[in-house]
Amino acid sequence: MNKEDVLCFSTGFSVNSGVLASVVGRGDYIICDDRDHASIVDGRRLSFATQLHYKHNDMEDLERVLQKLPQESIKLIVVDGVFSMEGDLANLPEIIKLKHKYNCSVMVDEAHGLGVFGKQVEEFVIILV
Ligand SMILES: Cc1ncc(COP(=O)(O)O)c(C=O)c1O
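Owing to the predicted nature of the structure, the values given are computational and were not obtained by experimental measurement.

Caption draft 1: Local environment of the packing of helix α3 (residues 59–67) against helix α4 (residues 92–101). One can describe the packing of α3 onto α4 by two numbers: an axis separation of 11 Å at closest approach and a directional angle of 15°. By the angle between their directions, the pair α3 and α4 is classed as roughly parallel. Crossing of α3 over α4 shows right-handed handedness. In this structure, α3 uses Met59, Leu62, Glu63 and Leu66 to contact α4, whose residues at the interface are Glu94, Ile95, Leu98 and Lys101. Class assignment for the residues of the contact of α3 with α4 results in 5 nonpolar, no polar and 3 charged.

Right, here's the structure in full:
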């Protein structure tokens, strides 16, 4: 992966369990696309964060959800970069705009992006912004 530091997990499922439970906790929010992979939902359960959903790839609905959350709370938008069942791509440019507007972090699960997007993204499996 050409990175100085890498954290290796044996499965994608254990990535989402391990990473989500490490970066958010009780009182925080995870905001998911409603087609996110089931392992993200399970990771959220282990984290005890509050989970909210927006309609698949609907940026207006994502904004509707974000508007309701306290400005200073810890908010993590978690999204598949490439959705495994639909083959759709996440609208990352818009998600990043909303991240800045509503003071969130973003985690992209690139389980299906690896090997699809060329060298730029091949270096990442999970990207936290
Ligand atoms: C987006 C996404 N994340 C995580 C996983 C889980 O990966 P694994 O099957 O290696 O546990 C999958 C599996 O297809 C997936 O599509």
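Caption draft 2: Representation of the side chain of Ser39. By secondary structure assignment, the location of Ser39 is in helix α2 (residues 38–47). Note on Ser39: relative accessible area 2%, which makes it buried. Within the local environment of Ser39, its side chain forms a polar contact with the side chain of Asn16, the two groups lying 2.9 Å apart.

Caption draft 3: Focus on unusual backbone geometry. The phi dihedral of Phe48 is positive, around 70°, even though this residue is not glycine. One can find Phe48 in the loop between α2 and β2 (50–54).

What counts, and at which threshold
- Residues numbered from 1 in each chain as written.
- Predicted model: local features only at pLDDT ≥ 70, side-chain atom pairs only at ≥ 80, totals over all residues.
- Heavy atoms only, no water.
- Axes fitted to C-alpha atoms, helices over the stretch in contact; angles between N-to-C directions.
- Helix = DSSP H or I, 4+ residues; strand = E, 2+ residues; numbered from the N terminus.
- Parallel < 35°, antiparallel > 145°, perpendicular 65-115°, else oblique.
- Left-handed = near helix turned anticlockwise from the far one by under 90°.
- Contact = heavy atoms within 4.5 Å.
- Nonpolar A, V, L, I, M, F, W, Y, C, P; charged D, E, K, R; others polar.
- Buried < 20%, exposed > 50% of the residue type's maximum accessible area, 1.4 Å probe, protein only.
- Polar contact = N/O pair within 3.5 Å; in protein donor to acceptor, adjacent residues only side chain to side chain.

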